[in-house]
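Here's the letter readout for the chains.
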Amino acid sequence: MAKKSALAERLDEVRARIEAAAARAKRDPKDVTLVAVTKTATPEMIREIVSLGVTDLGEGRVQQLVQRASQMNEAGSRRKAMGDDAAKGESTAKPPAWHMVGHLQRNKVKPLLPLIACVQSIDSLRLAEEIDTGAARLGRKVNVMLQLNASEEPQKFGVAIGAATHLGEQIATMPNVQLVGLMTMAELTDDEKSIRTAFRRTREVFEEMRWHKTGGPAFRHLSMGMTHDFEIAIEEGATMVRIGTALFGSEAQVPEGEDE
Ligand SMILES: *Cc1c(COP(=O)(O)O)cnc(C)c1O
């Protein structure tokens, strides 16, 4: 058998770490979805990771997401049209679901909507309304998550913990967005306790909203955890982890062993 690529090995490792963290928390690793954040990935790496079974991809910026998602769509249909065997294999796999994880301005919503599976970074009513209106125009429903500023860093995007449930209820009434969960980023720190606190607070809001049935049965995702803290996030109940650096390096095509 051919030697595994560096990317395939890193993916194996990330999956093993997800499984180990789930086992520690007595959770089923199948309940944790890996979102591969492609900021530093090349188009080839993105295609490879999808062929390795990763179903969900994330981007932090609209322009990047639009570019990458359309590139993949084009490459897929071009190779299919040429009767490429590999492409035939690919065509049976579902196309990846793209998640917007970075801050989103209202005037950037429009190009995103036809390509996006989920906007994880909703931080205002007005942004949710913009998406609702745009989705209605396209005749579709768009999944969204509310981003919480659980670490309460002033420079960080996201809704304050205290404002989350009310905003969530308002979003849940919109006909063309579906509230599917909460997203948060912990502080970039080695202080495990403060990371855990941010995740726990987010989980508490999540449980409270579920108790109130905000968003209904579709409201079931806690998107928390990145390269430096995803194991803690899984221990604290994450159902989705967003991982970039551990898969693709901290800059495009930088070999593994990078600092994080
Ligand atoms: C970049 C980014 C990630 C991935 O971060 P890594 O540390 O590279 O794993 C996850 N979530 C958000 C919101 C991001 O912007």
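All of these numbers come straight from a predicted model, not from anything done at the bench.

S.K.: Explain unusual backbone geometry here, please?
M.R.: Glycine aside, residues mostly have negative phi, and peptide bonds are mostly found in the trans state. In this structure, glutamate 152 takes a positive phi of about 55 degrees despite not being glycine. If you trace the backbone, glutamate 152 turns up in the loop between β5 (142-148) and α7 (161-172).

S.K.: I would appreciate a short explanation of the confidence of the model for the chain in the present structure.
M.R.: Regions with low pLDDT should not have their predicted coordinates read in detail. The share of residues in the chain with pLDDT of 70 or more is 92%, and the mean pLDDT across the chain is 92. A low-confidence stretch, residues 253-260 (pLDDT under 50), is modelled with 13 contacts involving residues beyond four sequence positions or located in other chains.

S.K.: Teacher, can you tell me more about the environment of methionine 240 here?
M.R.: Locating methionine 240 in the fold gives a position in strand β8 (residues 240-243). By relative accessible area, which is 4% here, methionine 240 ends up buried. If we skip the residues at most four places from it in the chain, methionine 240 touches Thr33, Val35, His99, Gln120, Met145, His221, Leu222, Ser223 and Met224.

S.K.: Explanation requested: the pattern of salt bridges in the structure shown.
M.R.: Side-chain pairs of opposite charge can arise whenever the charged atoms involved come near each other. All told, the structure shown has 11 salt bridges when counted by the stated rule. Glutamate 235 is the salt-bridge partner of arginine 24, the closest N and O atoms lying 2.9 Å from each other. Remark: glutamate 235 occurs in helix α9 (residues 230-235) and arginine 24 occurs in helix α1 (residues 6-24); sequence separation between them is 211 residues. Ionic pairing is found between glutamate 192 and arginine 196, a salt bridge with its closest N-O pair at 2.8 Å. Of the two residues, glutamate 192 and arginine 196 both sit in helix α8 (residues 192-211), 4 residues apart, roughly one turn of that helix. Look at glutamate 192 and you get partly exposed, because its relative accessible area is 41%. Through salt bridges that share partners, Arg24, Glu192, Arg196, Arg200, Glu235 and Glu236 make up one connected network.

S.K.: Explain the site of the ligand here, please?
M.R.: Residues in close proximity to the ligand include Val37, Lys39, Val101, Met185, Met226, Thr227, Arg242, Ile243, Gly244 and Thr245, which together make up its full environment. In the model, an oxygen atom of the ligand is placed 2.8 Å from a nitrogen or oxygen of the lysine 39 side chain. A distance of 2.8 Å separates an oxygen atom of the ligand from a polar atom in the backbone of glycine 244. Its free accessible area being 390 Å², the ligand has 87% of it covered by the protein chains. Looking at the shell around the ligand residue by residue, the classes come out as 5 nonpolar, 3 polar and 2 charged.

S.K.: Quick question: what am I supposed to make of the packing of aromatic side chains here?
M.R.: The description of an aromatic ring pair uses the distance of the two centres, along with the angle that the planes make with each other. All told, the structure shown has 1 aromatic pair when counted by the stated rule. Each ring, one from phenylalanine 206 and one from phenylalanine 219, has its centre 5.3 Å from the other, and the planes form 35 degrees; the classification is tilted. Of the two residues, phenylalanine 206 is situated in helix α8 and phenylalanine 219 in the loop between α8 and β7 (221-224); the sequence distance between them amounts to 13 residues.

S.K.: Would you mind going over the packing of α1 against helix α2 (residues 43-51) with me for this structure?
M.R.: When two helices pack together, you describe them by how their axes are tilted relative to each other and by the distance separating the axes. Relative to each other, α1 and α2 sit at 50 degrees, their axes nearing to 10 Å. Classed by the angle they form, the pair α1 and α2 counts as oblique. The two elements α1 and α2 meet at a crossing, and its hand is right-handed. Across from Leu7, Ala8, Arg10 and Leu11 in α1, the residues of α2 making contact are Met45, Glu48 and Ile49. Here the residues of the contact of α1 with α2 sort into 5 nonpolar, no polar and 2 charged.

Here is what the cut-offs are and how they apply
Residues numbered from 1 in each chain as written. Predicted model: local features only at pLDDT ≥ 70, side-chain atom pairs only at ≥ 80, totals over all residues. Heavy atoms only, no water. Helix = DSSP H or I, 4+ residues; strand = E, 2+ residues; numbered from the N terminus. pLDDT = per-residue confidence, 0-100. Contact = heavy atoms within 4.5 Å. Buried < 20%, exposed > 50% of the residue type's maximum accessible area, 1.4 Å probe, protein only. Salt bridge = Lys/Arg side-chain N within 4 Å of Asp/Glu carboxyl O. Near = heavy atom within 4 Å. Polar contact = N/O pair within 3.5 Å; in protein donor to acceptor, adjacent residues only side chain to side chain. Areas by Shrake-Rupley, 256 points an atom, 1.4 Å probe, with all protein chains shown as cover. Nonpolar A, V, L, I, M, F, W, Y, C, P; charged D, E, K, R; others polar. Phe/Tyr/Trp six-rings, centres within 6.5 Å; stacked < 30°, edge-to-face > 60°. Axes fitted to C-alpha atoms, helices over the stretch in contact; angles between N-to-C directions. Parallel < 35°, antiparallel > 145°, perpendicular 65-115°, else oblique. Left-handed = near helix turned anticlockwise from the far one by under 90°.

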